[in-house]
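Report on the structure
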Amino acid sequence: MSNSSAAQKSVVWDWLTTVDHKKIGIMYFLAGLFFFTIAGIEAMLIRIQLMFPEMAFLGEQTYNEVLTMHGTTMLFLAAMPMFFGFMNFVTPLQIGARDVAFPFVNSLGFWLFLFGGLLLHVSYFTGGAPDAGWTAYAPLSTTSEGQGVDYYILGLQVSGAGTLMSGINFLVTIVNMRAPGMSMMRMPLFTWTTFVTSMLILFAFPALTVGLLLLMLDRTFGGAFFDIGLGGNVVIYQHLFWIFGHPEVYILILPAFGIFSEVISTFAKKRLFGYSAMVFATMIIGFLGFMVWAHHMFTVGMGPVANAIFAVATMAIAVPTGIKIFNWLLTLWGGRIKFTTANLFALAFIPSFVLGGVTGVQLAMSAADYQFHDTYFVVAHFHYVIIGGSVFGIFAATFYWWPKMFGYRLGEGLGKIFFWLFLIGFHLTFFIQHFLGLVGMPRRVASYLDGQGFNEMNLISSLGAFMMAVAFIFLVVNVIVSRKNTTNVTDPWDGRTLEWATTTPVQEFNFAQTPLIRDLDALWYEKMNGNGKIKAAEPLDEIHMPNGSILPIIMSSGLVVASFGVIYEMYLLIALGLLINFGCMFVRSIKEDHGYHIPVSEIKKQGGES
Amino acid sequence: MAQPAHTLPAHPEKATLEGKNKYLGFWFFLGGETVLFASLFGTYLALRGSTADAPGPADLFHLELVFIMTMLLLTSSLTSVFAVISMKKGSFKGMIMWMWLTVALGLGFLGFEIYEFYEYNHLGLGYTSSAFASSFYSLVGTHGAHVTFGIGWIITLLIRYRKAGITLTNASKFYTAVLYWHFIDVVWVFIFTVVYLLGVGA
Amino acid sequence: MSHVDPSARLEGKASRDTERSLKRETKAQIASFVFMIFMTSTAFLTVASDAIPTGFAIPFILLLASVQVIMQLYYFMHLNSKGNAWANVMMWSGLFVAAMTVASLMLLIGVTKY
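Rules of the game
Residues numbered from 1 in each chain as written. Chains lettered and ligands numbered in written order. Predicted model: local features only at pLDDT ≥ 70, side-chain atom pairs only at ≥ 80, totals over all residues. Heavy atoms only, no water. UniProt positions renumbered as here; feature names shortened; annotations may be inferred. Helix = DSSP H or I, 4+ residues; strand = E, 2+ residues; numbered from the N terminus. Buried < 20%, exposed > 50% of the residue type's maximum accessible area, 1.4 Å probe, protein only. Contact = heavy atoms within 4.5 Å. Areas by Shrake-Rupley, 256 points an atom, 1.4 Å probe, with all protein chains shown as cover. Lys, Arg positive; Asp, Glu negative; His and termini not counted. Charge placed at Lys NZ, Arg CZ, Asp CG, Glu CD. Buried area = accessible area lost by both parts, 1.4 Å probe. Salt bridge = Lys/Arg side-chain N within 4 Å of Asp/Glu carboxyl O. Phe/Tyr/Trp six-rings, centres within 6.5 Å; stacked < 30°, edge-to-face > 60°. Lys NZ or Arg CZ within 6 Å of the ring centre and 35° of its normal. Domains from an automatic or database assignment. Polar contact = N/O pair within 3.5 Å; in protein donor to acceptor, adjacent residues only side chain to side chain. Nonpolar A, V, L, I, M, F, W, Y, C, P; charged D, E, K, R; others polar.

Chain B carries the name Cytochrome (Ubi)quinol oxidase subunit III in an unreviewed UniProt entry, which gives Alkalicoccus urumqiensis as its organism. For chain B, the Subcellular location (unreviewed entry) comment in UniProt is given as "Cell membrane". Check the Sequence similarities (unreviewed entry) section of the UniProt entry for chain B; it says "Belongs to the cytochrome c oxidase subunit 3 family."

For chain A, an unreviewed UniProt entry supplies the name Cytochrome c oxidase subunit 1 and the organism Alkalicoccus urumqiensis. UniProt annotates chain A under Sequence similarities (unreviewed entry) with the comment "Belongs to the heme-copper respiratory oxidase family." Regarding chain A, the UniProt comment filed under Pathway (unreviewed entry) reads as follows: "Energy metabolism; oxidative phosphorylation."

Topic: the overall build of chain B
Helix and strand content of chain B: 7 helices and 0 strands. Counted from the first residue to the last, chain B has its helices and strands arranged as α-α-α-α-α-α-α. Dimensions of chain B, computed from C-alpha atoms along their principal axes, come out at roughly 70 × 30 × 25 Å. Scored against the burial criterion, the 202 residues of chain B give a buried share of 67%. For chain B, the share of sequence-separated contacts (at least 6 apart) that also reach a separation of at least 24 residues comes to 80%. Split by element, the accessible area of chain B, about 6,500 Å² in all, is 66% carbon and sulfur. Within chain B, one finds 11 positive and 10 negative side-chain charges whose respective centroids are separated by 24 Å.

Observations regarding the side chain of Ser80 of chain B
Residues and elements named next belong to chain B. Within the fold, Ser80 resides in helix α4 (residues 63-89). Judged by relative accessible area, Ser80 falls into the buried class, the value being 1%. Those residues within four positions of Ser80 in sequence are excluded, and the remaining contacts are Thr102, Val178, Trp181 and His182.

Observations regarding the interface of chain A and chain B
On the side of chain B, 35 residues touch chain A, which itself brings 35 residues to the contact. Here chain A meets chain B over a buried area of about 2,700 Å², counting both sides, of which 71% is carbon and sulfur. Ranking the residues of chain A by area buried against chain B places Phe225, Leu230 and Glu592 of chain A at the top, with a combined share of 18%. Here chain A and chain B share 1 salt bridge between them. As a salt-bridge pair, Arg160 of chain B and Glu592 of chain A come within 4.0 Å of each other at their nearest N and O atoms.

Describing the packing of aromatic side chains
Throughout the structure, instances matching the rule amount to 90 aromatic pairs over all chains. Positioned over the ring face of Tyr23 of chain B is Lys14 of chain B, at 4.4 Å from the centre of the ring.

Digging into the domain arrangement of chain A
Residue and element names in this part refer to chain A. Domain annotation for chain A reports domain 1 (188-268 + 270-335) and domain 2 (338-505). Between the C-alpha centres of domain 1 and domain 2 the distance comes to 20 Å. The interface of domain 1 with domain 2 comprises 29 residues on the first partner and 33 residues on the second. A buried area of about 2,600 Å², summed over both sides, lies between domain 1 and domain 2, and 78% of it is on carbon and sulfur atoms. The largest contributions to the domain 1 side of the interface with domain 2 come from Phe260, Phe267 and Thr299, which together make up 27% of the buried area. For the pair domain 1 and domain 2, the interface holds 0 salt bridges. Seen at the junction of domain 1 and domain 2, the total is 5 residue pairs in polar contact (both at pLDDT 80 or more).

Observations regarding the interface of chain B and chain C
Contacts between the two partners involve 63 residues from chain B, matched on the other side by 55 residues from chain C. Applying the counting criterion to the chain B and chain C interface returns 10 residue pairs in polar contact (both at pLDDT 80 or more). For the side of chain B that touches chain C, the secondary-structure elements that each account for two or more residues are α1 (2-5), α2 (17-47), α4 and α7 (168-201) of chain B. Among the residues making up the side of chain B that touches chain C, the classes are represented as 41 nonpolar, 17 polar and 5 charged.

Written as structure tokens, this is what we have:
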């Protein structure tokens, strides 16, 4: 039977055992920021190495390791977790829920991601990080010396399991836990993109799981999947990786689309133009995301018909994306636009991302791709969509939701300096790389010779990278010096959606009474047609809350132990790790934990009455 | 208040929000599992001709054995259906009995599978013998691991709730375990068709 | 204020309506089980018998497998009952991605060019 209240806990223990979606969201965001910093430093090392011809700053092996870790960390451990942080924090608030559907699983997902990420980084200290690129193509990865690639495989496997769980969690939360009146077509666009992103995670990550499993079986257990001598075929890995990998890049861009939709409509003081078209465009992008993976493999030799089909499917994605671009522009049209830092990132995103989109369509032409493939043109393309799309989205969201998450506003002055430095640095770094690619510089090379016409362009590119690094320092300074801006944090932007109707800091139960949603942009509707407060859908009553648990950390460490067992082929360690993991699952299964109830008096004391 | 709440609802597995969430989340998980198994099936189909110098499907597979295994698993699927029907009828004893029967049939299946792998290994098909061998053992082995996990899961539930009666909490737990068990059977239908029947017949 | 105790034993029998529909369901489930056994045996016999040409046998047993899986999903796992729209969406999306995956790994691994 449930207790009437939670026991008092120390702060550290509270954060380690928390199942509160807001705390988990903050931890996701901070952990993502930590890995973002590491991957950013790796990017700087790469650009220093390529600054001048025949530099000997990093050795070739180190360069390969840093390059691999930069890509892997940025995609799996920085961008995705930071989005997960916002999704965790904001989505339940936007749909008027008290928590996610599976609070325990939510916590488990976070700790698996964190431990997987840390496991991957242990490789730096044990004789070499993975060096086969973030794609880890076989046979390069299966024949790579040392344990680096094993760390890659296990690290991603562990953190990938966490991601999959989080995806299912978001899906069920959005389907089952919307407040009364919040129909699917009244959900804010960020919630919609969270939903579609989670679907992509659900169907894409199992393919990665199998791809990594096959690599592991080949490397550690003598499998013959990619061993040509025994009849293996390395193209299988490429398919599996990209069946996951292409949806993965949409997992990275769709939440950003959602963020921009929120930010642009808030700061243009207008309802989002073409809401339903935006929703359907999101779904179509999600669907097409699964139909185009082989455009990463045009030069493998699948044949002209196969290439043509995937080329056409890829170009088709430009249509829903174009719909979105025009809808954002038309939302801005005639709006009372406020140029806050968050909005500046959203506005800068539009032209930057269009540039990346255009080169995407160029790359989709399979015949032309034979020229572009494996050159800096590709590098320029994907940095334009990932930085110009995802990273701008993350920064816009950081400035937009920071007051709600951390209880103070980031300074606008410093924010704008950060924005302009970052924007100029970004274009300086990557625009020129298109031309580097076109004149023939291959990607993933540790150095280049003098006199090939690469020198100036590489130098300019590196200078741009330094500018981005300086910009990032401005963000860090901003985070530290703005801590005194604690006024006006409840609804600083005159928001439109439900998360701005909560108190700051948000109470652990989010809403004292489940809100009643009367229209799209629920809060804005009440501001215009009501008294500015969300109506309640239920009388004030006790609130049921889940208990925290330490099991997620123990389970995650169990898997890390098992991973070490696989990496170093110590079977006892594998058994021990799995025993810990399944033991925790067993305990969780047999121990019924029904949480506790917050009494009405306590809710009133926390200022929850409306 | 307390009295009507504890009477048996028509769908005890979905009577609470927790139950509804668990039910839906588990279906979504199964949707993802479909892709996981498809990736392994695809790998197997790509590599099934690559037998190198090791024995191939036609040298190894015995339809009699596979037929018995199929019947065991199919029947266990039916017994788990009966368990759910008993649960909805409010017959706790019936549910427990059918679930134990499901476990027994599952154990039978697992026994045959272990025997089968042992036998193939004996006939010269080690895990590292050929690309076919690796993909065959990985596909069928992953299914076998699912069976093992399912048996462990159901036994845990059976022991934990041996005297509890049907409750709102354990109804959804038993129900999701049964869904999982059906899914195992669904995968096996494709395995016996694609791996064994096509292996012998084509 | 009282709460539903989720670990309390549920008392009583199912309502008469439920009882009746469960009886009907039991019959339907047994019928589908028998049909599945029949389909499985047909598939095995098709392959075991030398009289049936391979060109026919392969698509035929694949068809039988598909029908059987659909029956499992819709009868044994109750995808056909009300309120399962989202479960259907995710299952079919999964099957769609699964089909693409299997097809590409069978056809597009660079052995035969298309």
